[in-house]
Amino acid sequence: MQTQTILFIILGVIASLLVVWIQYFHKSSPKGKLRILLSILRFISVFGFLFLLINPQFSKKEYQIEKSNLVVLTDNSSSVNKSKESIIGILEKLKSNSAVSERFNIEGYAFGSVVKKTDSLLLNESKTNISKALNTIKDIYPPTNTSVILISDGNQTFGEDYSFSTYNFSTPVFPVVVGDTTRYEDLAISALNVNKFAFLKNKYPVEAYVSYQGTGEVNVRVTIKVNGQGVFNKAVKFSNVNNSADINQLIDANSVGIKNIEVVVDRLEGERNIRNNKKTVTLEVIDEKTKVAIVSDIVHPDIGMLKKTVESNEQRSAKIVKSNVDVGSISDIDLFVLYQPNRKFKSIIDFIEQKKSNTFIIGGTQTDWNFLNNIQQNFQIENGYPVQEVFGTNNPAFSKFDVLDFKVNNFPPLLTNVGPILFSVPNEALLGTKIKGVALENPLLTVYEKEKTAHALFLGEDIWKWRLQAYRDENNFKSFDNYWGKIIRYLTSNSSKDRLNINYKSIFEGSSEAIITATYFDETFVFKNDADIVVQITEKGKTSSKEIPMLIKGAYYKADLTDLAPGDYTFKVVVKKESRSKSGSFKILDYDVEQQFVSSDYKKLKQLADNSKGTMYFPNQIDSLLNKLSTDKRFLPTQKSTENIVSLIDFKIILCLILLTLAIEWFIRKYNGLI
């Protein structure tokens, strides 16, 4: 207790005694035992009140030693499987070193595509993301009191390049390089690029990057095969100076269907890794192309956005025209996008009605709503409202096609100047409207059908901001373009809607990626979540088949094919108890990206150590690492003190005592006629 508090308590006693003396001794008051009793009661009540004001406290300090965190990150991918004994030896040395364990709180994690606590190392993961592993540890542990031991070969198969993403990394990283650091001669197809689609009787480009690692000069042949047939080959010369080649070739699309495109480079004599000497992709040749006309009389960023989005798929083309365009030049258009129509659009709308084409109407602040209401009978929009900002909200109940993977919650507002809308035809909203945080029943984006034609209505301007926000969120336009692509595909499809839809790849690079998904709808095209759907899979060349049930995953069904061995397969998705099925075929490659590496990338690990102010080590230097950790002053344990301040009094008890003494004193004085 502080001296100041003791002094206040003494002054409180003196003040209380002074009040008692003035009340019962200085003035005329009862004599004898009654005076003594009243004096005591008054003293207790006055001193209790002063004691509450003083509120005496005492403090207690507790000291504790806080160790630094030592996080051991171990690569659990198949590329380090050959170094398993070395990795286990490193971990055992870390655990048994008393100097390190006394100085650090040691936590172990394993990583491949994700980070998890270390139970046992299987060293069988097919992906490695070192950058994600390091950033996960950074988010969990404080950088000022943490160090990381990274046991890895430094080969990363996906994610950000850790040598750049960890630049000026605040947590010291001490990489331990495992695996073979010797550089061997190696040829590899490092990248193979083709379009997803090509058009019949056209040519499609195939671009392959071939790299060479070695010190000599080699002459090899690069071959391009389509469905197993060689269509192109080229002799290429490599050296330690010219160690890469870009192969570009146009291939004829002579027939419709899925094409397996394989690029192969000859094997070097004595080459250890031949898995990366070939690469396979697929391409689909189609015989038709969707044509979209964007009709607008104004210049607006939305126009460019619409064209980019439409043409993000090679199957579609878009042209921008004005409302007074010669209708003869647009007679082959599959979909008309009418952007902010006005009275000048009458002739082209009449042409669309006569042609019975599908439309996508986008309205905004420059739209003539009265004209739009008068020229069609599908809906009526109440107008005359001021321009205001509106936000979109997803409609999870939308059932015509799957759009659940696209969210507009954090998208910027759009501009509109309309009120409620009344439809006279069946319709379904993809997006709702929210103004100033209040959700309205008015739809923002709606689709409807009439007389075998499909239409969409969007009541917002500045959609380009949404595409920009999608890029900010995901660093690409893929999700946004896919969402609008589904709408365009719905509007350009004149065939009857299929209740069973399947989605799969023609080629899976390893069984870990092999997945088939399906959606199934009832007669009213509402998603059916209780269907019994199975996949019947048959390997080509065999008669027996395997049946795999499809499990519901939110708004779709999913079949996991990871147990299948590499090979060619045909399959049929069957809805049991109903006569509905769809068939397809796919190929699983004997491919493990982790097995593409035969050497450790110690140079990148050295760069990581330098960026984070750590040091790189090899397994035979583990004792030096342990000595570094046990002597480095950056990782000294810190002493922390905690001061607890505790009040000496219980306010409730003191208050009750004051009230009790005052009440007793009052009753005694009242009883003796002193009041």
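Residues numbered from 1 in each chain as written. Predicted model: local features only at pLDDT ≥ 70, side-chain atom pairs only at ≥ 80, totals over all residues. Heavy atoms only, no water.

Quick look at the sheet that holds strand β26 (residues 515-520)
On the basis of which strands lie adjacent, the open sheet formed by four strands has the order β24-β26-β30-β29 and antiparallel pairing. Each end of this open sheet is capped by a strand with a single partner; those strands are β24 (500-503) and β29 (551-552). In the sheet, β29 pairs with strand β30 (residues 557-560) via two bridges, with the strands oriented antiparallel. The residue bridging Ile552 from the neighbouring strand is Tyr557, located in β30. (Pairing = 2+ DSSP bridges. Helix = DSSP H or I, 4+ residues; strand = E, 2+ residues; numbered from the N terminus.)

With respect to unusual backbone geometry
In most cases, non-glycine residues show a negative phi, while peptide bonds are predominantly trans. Notably, Leu123 is not glycine yet its phi reads approximately 50°, a positive angle. Looking at where Leu123 falls in the secondary structure, it is placed in the loop between β4 (115-117) and α5 (130-140). Phi at Lys613 takes a positive value of approximately 65°, unusual for a residue other than glycine. With respect to the element layout, Lys613 can be found in the loop between α12 (602-611) and α13 (622-631). The class of Lys613 is exposed, set by a relative accessible area of 65%. (Buried < 20%, exposed > 50% of the residue type's maximum accessible area, 1.4 Å probe, protein only.)

Focus: the sheet that holds strand β7 (residues 186-194)
With antiparallel pairing, three strands are arranged side by side in an open sheet as β7-β9-β12. Either end of the sheet is taken by a strand with one partner, and the two such strands are β7 and β12 (244-252). Taking each pair of neighbouring strands and ignoring which way they run, the sheet shows an average axis angle of 20°. Here β7 pairs with strand β9 (residues 203-213) via eight bridges, running antiparallel. Bridge pairing in β9 places Val194 opposite Val206. (Axes fitted to C-alpha atoms, helices over the stretch in contact; angles between N-to-C directions.)

Structural notes on a nonpolar patch on the surface
A cluster of nonpolar side chains, contributed by Ile6, Leu7, Phe8, Ile10, Leu11 and Ile14, occupies part of the molecular surface with about 550 Å² of accessible area. Since its relative accessible area comes to 46%, Ile10 is described here as partly exposed. (Patch = residues over 30% accessible without salt bridge, like charges linked within 9 Å, V, L, I, M, F, W, Y side chains within 5 Å. Areas by Shrake-Rupley, 256 points an atom, 1.4 Å probe, with all protein chains shown as cover. Salt bridge = Lys/Arg side-chain N within 4 Å of Asp/Glu carboxyl O.)

A closer look at the pairing of strand β10 (residues 218-226)
Two strands pair when backbone bridges link them, and β10 and strand β11 (residues 229-238) are joined in this way by nine bridges, in the antiparallel orientation. Note that in β11 the partner of Val222 across the bridge is Lys234. A loop of two residues connects β10 with β11, the two strands running antiparallel in sequence, and Asn227 in this loop sits at a positive phi of about 50°. As paired strands, β10 and strand β13 (residues 257-265) are joined by five bridges and run antiparallel to one another. Paired with Val222 across the bridge in β13 is Val265.

Some words on empty space enclosed by the protein
If you roll a probe as big as a water molecule over the atoms, it shows you where there is empty space left. The full count for this structure, using the stated rule, is one cavity of 30 Å³ or more. Space inside the largest cavity adds up to approximately 60 Å³. Lining the largest cavity are Ile294, Leu306, Thr309, Val310, Val337, Phe360, Trp484 and Ile488. Mapped onto the lining of the largest cavity, the elements with two or more residues apiece are α7 (301-310) and α11 (478-492). At three residues, α7 tops the list of elements feeding residues into the lining of the largest cavity. (1 Å grid on protein atoms, 1.4 Å probe; cavity = no way out; pocket = protein on both sides within 12 Å on 5 of 7 lines; lining within 4 Å. Points joined across faces, edges and corners; volume = space filled by probe spheres on them.)

Some thoughts on the environment of Asn227
Mapped onto the elements of the fold, Asn227 is located in the loop between β10 and β11. Between the C-alpha atoms of Asn227 and Ile258, which are 31 residues apart in sequence, the distance is 8.9 Å. Aside from chain neighbours lying at most four places away, what touches Asn227 is Ile258, Lys259 and Asn260. (Contact = heavy atoms within 4.5 Å.)

What about the nonpolar core?
One finds Phe360, Leu430, Leu431, Phe458, Trp466, Tyr483 and Ile487 to be the most contacted residues of the largest nonpolar core, which totals 39 residues. Sorting elements by how many residues they give to this core places α11 first, with seven residues. Other than its neighbours up to four places away in sequence, Phe458 contacts Phe360, Ile361, Ile362, Gly363, Leu414, Leu431, Leu444, Leu445, Ile463, Trp466 and Trp484. Tyr212, Ala253, Val265 and Val285 belong to the second largest nonpolar core, which has 28 residues in total. (Core = buried A, V, L, I, M, F, W, Y, C linked by side-chain atoms within 4.5 Å.)

What to know about the pattern of salt bridges
Following the criterion strictly, the structure yields 20 salt bridges and no others. Measuring nitrogen to oxygen at the nearest pair gives 2.7 Å for the salt bridge that ties Arg42 to Glu665. Of the two residues, Arg42 sits in helix α2 (residues 33-54) while Glu665 sits in helix α14 (residues 651-671), which places them 623 residues apart along the sequence. On the basis of relative accessible area, Arg42 is assigned to the buried category, the value being 18%. Residue classification places Glu665 among the buried residues on the basis of a relative accessible area of 2%. Salt bridges here are not isolated pairs; linked through shared partners, they connect Lys628, Asp632 and Arg634.

Quick word on α11
Taking 1.5 Å of rise per residue, 15 residues should cover 21 Å, and α11 covers 20 Å from first to last C-alpha, within 8% of that figure. Extensive coverage of α11 is indicated by the burial of twelve of its 15 residues. Where α11 is concerned, the buried positions are Ser479, Phe480, Asp481, Tyr483, Trp484, Gly485, Lys486, Ile487, Ile488, Tyr490, Leu491 and Thr492. (Expected span 1.5 Å × (residues − 1).)

A word on the packing of aromatic side chains
Taken as a whole, this structure holds 27 aromatic pairs when the rule is applied. Consider the rings of Phe104 and Phe635, whose centres lie 5.8 Å apart with planes at 55°: the pair is tilted. Pair noted here: Phe104 is in strand β3 (residues 104-111) and Phe635 is in the loop between α13 and β33 (638-647), with a separation of 531 residues, a long-range link. This pair shows no difference in class: Phe104 is buried, exactly as Phe635 is. (Phe/Tyr/Trp six-rings, centres within 6.5 Å; stacked < 30°, edge-to-face > 60°.)

Thoughts on the environment of Pro341
With respect to the helices and strands, the residue Pro341 is situated in the loop between β17 (335-339) and α8 (346-355). For Pro341 and Val218, which are 123 residues apart along the polypeptide, the C-alpha to C-alpha distance reads 64 Å. When neighbours within four sequence positions are excluded, Pro341 is seen to be in contact with Ile361, Ile362, Thr367, Asp368 and Leu372.

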